[in-house]
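One letter stands for each residue in the lines below.
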Amino acid sequence: MKKKKVFITIIIILLAIIVGLILNVFIQQKFIKTYTYTELENRGYTAQDVSEIKIKHSYINRILSYNEWRISVEFEKEPNILFWFTYRNNKIVFQGVSSEPMLDKESILDYSERYKKGTLLEK
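Residues numbered from 1 in each chain as written. Predicted model: local features only at pLDDT ≥ 70, side-chain atom pairs only at ≥ 80, totals over all residues. Heavy atoms only, no water.

To continue, consider the nonpolar core. Buried together is how nonpolar side chains tend to be arranged in soluble globular proteins. Ranked by internal contacts, the top residues of the largest apolar core, which has 22 residues, are Leu 40, Ile 71, Val 73, Phe 75, Phe 83, Phe 85 and Tyr 115. At the level of secondary structure, the elements contributing two or more residues to this core comprise helix H1 (2-42), strand E1 (50-57), strand E2 (69-75), strand E3 (78-88), strand E4 (91-99) and helix H3 (105-117). If sequence neighbours within four positions are ignored, Leu 40 has contacts with Tyr 45, Val 50, Ile 53, Val 73, Phe 75, Phe 85 and Tyr 115. (Core = buried A, V, L, I, M, F, W, Y, C linked by side-chain atoms within 4.5 Å. Buried < 20%, exposed > 50% of the residue type's maximum accessible area, 1.4 Å probe, protein only. Helix = DSSP H or I, 4+ residues; strand = E, 2+ residues; numbered from the N terminus. Contact = heavy atoms within 4.5 Å.)

Okay, here's the thing in structure tokens:
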């Protein structure tokens, strides 16, 4: 009988930890989305310029010392081009550009530089 109580207590503690971790991710995603919009505004882009922001989290990446948060931003005027960011040290950090089909090196560098300068959507 005592083993059963210990087992149930361990299960309850594990479930509480898992629920806490899941809630932490959802709350952090809201803050990171706000921080991402702020970073974009600092570069000269508005919320209306953004088509979609996707935020992904991975505890495994954190354990392996990779980026815990992966953020992709797609702009209205640049469909199918994803601008990648990460959240590190309380900052949104630009990581690069990708697309499907894959762009050539010069195009990637051009998109990156235009994003950094705030001239991406000017044409």
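Next comes the rest of the account.
This part is about unusual backbone geometry. A cis amide bond links Glu 100 to the next residue, Pro 101, at an omega of 0°. With a phi close to 65°, Ser 65 is a non-glycine residue in the positive phi region. Along the chain, the position of Ser 65 falls in the loop between helix H2 (59-63) and E2. For Ser 65, a relative accessible area of 65% puts it in the exposed group.

Inspection of the entire model under this criterion finds 10 aromatic pairs. Ring geometry for Tyr 35 versus Tyr 87: centroids 5.8 Å apart, planes at 20°, classification stacked. With Tyr 35 in helix H1 and Tyr 87 in strand E3, this pair connects stretches of sequence that are 52 residues apart. What makes Tyr 87 buried here is its relative accessible area of 13%. A network of ring pairs unites the aromatic residues Tyr 45, Phe 75, Phe 83, Phe 85, Phe 94, Tyr 111 and Tyr 115 as a single cluster. (Phe/Tyr/Trp six-rings, centres within 6.5 Å; stacked < 30°, edge-to-face > 60°.)

None of the figures reported here should be taken as evidence of function without further support.
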